[in-house]
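The residues making up each chain are set out below.
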Amino acid sequence: MIQNISNIKHKDSSNFFLIAGPCAIENEDMAMRIAERVISITDKLNIPYVFKGSFKKANRSRIDSFTGIGDETALKILRKVGETFDVPTTTDIHEPFHADMAAEYVDILQIPAFLVRQTDLVVAAANTGKHVTLKKGQFLSPEAMQFPVQKVTDSGNNNVAIIERGTMLGYGDLVVDYRGIPVMQNYAPVILDVTHSLQQPNQASGVTGGKPELIETIAKAGIAVGADGLFIETHPDPKNAKSDGANMLQLDLLEGLLEKLVRVRQAVI
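Residue indices begin from 1 for each chain and proceed along its sequence in written order. Whole-chain, interface and lining totals are the exception, using all residues; otherwise, since this is a predicted model, local features are given only for residues with pLDDT of at least 70 and side-chain atom pairs are given and counted only at 80 or more. Each side-chain value is worked out from all heavy atoms of the structure, with water and hydrogens disregarded.

- For the protein chain, the name recorded in an unreviewed UniProt entry is 3-deoxy-8-phosphooctulonate synthase, with Faecalibacter bovis as its organism.
- Its UniProt record, at the heading Subcellular location (unreviewed entry), says of the protein chain: "Cytoplasm". UniProt positions are given in the numbering used here, feature names are shortened, and annotations may be inferred rather than shown by experiment.

Right under this line is the structure:
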């Protein structure tokens, strides 16, 4: 997948690639600060990097949850990040009309896990010609992900990847089945979403919990079994983040984690 993204750096390295950024675009200063820091780390470690930020949070538990700062405002920030640092950017879309709108600003369109079976949405993303990442539904088997991939490729777009983000375990927890990574690699490159795999959804409070202390464990295992890339949401102050703070990685911990993961990668290739 990364070989076809023109402005991604370090694509000739033997490293995994990284999709990282805040859960949601909260303001321009925060987005630029996170991007600058992650780029300095990934340049140092020769890791291909894509900046991620949601322009809109549509699938929230409660009606009073933060949903965004305005669609166009957030998308313009994503474009500024990409242009300022010459780095590819990605955001998730939730409705078919979002596809063309977001494609004007970012390089990769992400289909959320809850919506990966929505044919109109997947095809709309594919038809933009942009790269498309498909989050595996928490309710789907690895084998079932061949069909969303086929919707993209049958639309004439071969630039597609799968994001593993855990499978529901009861009502309030997720588990990553690492056996699914090589299975899904038969259909497309596979990215492990480390931080969302540690969510604890469906809490009685209506606020999703998480286990960020296990980020390193999940990430190491993903690299060890051969994931093509990692997805890590990160924030300078997760406790005060407006979305998904319970499972994001604190930004100042990212460099140490990636240094370890590069060593794991070197040991297994």
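### Looking at the overall build of the protein chain
Move 1: Helix numbering and strand numbering both begin at the N terminus, where a helix is a DSSP run of H or I of at least 4 residues and a strand a DSSP run of E of at least 2. The number of helices and strands found in the protein chain is 8 helices and 13 strands.
Move 2: Radius of gyration (C-alpha) of the protein chain: 17 Å, near the 18 Å computed for a compact globule of 269 residues.
Move 3: Its C-alpha atoms give the protein chain principal-axis dimensions of about 45 × 40 × 40 Å.
Move 4: When each of the 269 residues of the protein chain is scored for burial, the buried share is 54%.
Move 5: Note on areas: these come from Shrake-Rupley sampling with a 1.4 Å probe, and a residue is covered only by the protein chains present in the view. For the protein chain, the exposed surface amounts to about 11,300 Å²; the carbon and sulfur share of it is 48%.
Move 6: Positive charges come from Lys and Arg alone, negative charges from Asp and Glu alone, with His and the N- and C-terminal ends not counted. Every charge is mapped onto a representative atom, which is NZ of Lys, CZ of Arg, CG of Asp or CD of Glu. If you average the places of the 27 positive and of the 32 negative side-chain charges in the protein chain, the two averages end up 3 Å apart. Based on C-alpha atoms, the radius of gyration is set beside the globule rule, defined as 2.2 Å times the residue count to the power 0.38. With a 1.4 Å probe rolled over the protein chains alone, any residue whose accessible area is under 20% of its type maximum counts as buried; one over 50% counts as exposed, and the rest are partly exposed.

### A word on the environment of G180
Move 1: Structurally, G180 is set in helix α6 (residues 180–184).
Move 2: G180 sits in the buried class, given a relative accessible area of 1%.
Move 3: Linking G180 and E143, residues 37 residues apart in sequence, is a C-alpha distance of 8.0 Å.

### Focus: the packing of aromatic side chains
Move 1: Between 30 and 60 degrees the pair is tilted, below 30 it is stacked and above 60 it is edge-to-face, where a pair is any two Phe, Tyr or Trp rings, Trp via its six-membered ring, whose centres lie within 6.5 Å. This structure, assessed with the given rule, holds 0 aromatic pairs.
Move 2: Geometry around F231 places K135 over its ring, the cationic atom sitting 4.4 Å from the centre. Only when the NZ of Lys or the CZ of Arg is both within 6 Å of the ring centre and within 35 degrees of the ring normal is a charge said to sit over the ring.

### So, the pairing of strand β4 (residues 108–111)
Move 1: What you see with β4 is no split at all: I108 and Q110 on one side and L109 and I111 on the other are buried throughout.
Move 2: As paired strands, strand β3 (residues 89–92) and β4 are joined by 3 bridges and run parallel to one another. Residue pairing in the sheet places T91 in a bridge with L109 of β4.
Move 3: The crossover handedness rule: strands pointing away from the viewer, path from first strand over the helix to second strand clockwise, crossover right-handed. Regarding topology, helix α3 (residues 96–103) serves as the crossover connection from β3 to the parallel β4, and that connection is right-handed. A pair of strands is treated as paired once DSSP finds two or more bridges between them.

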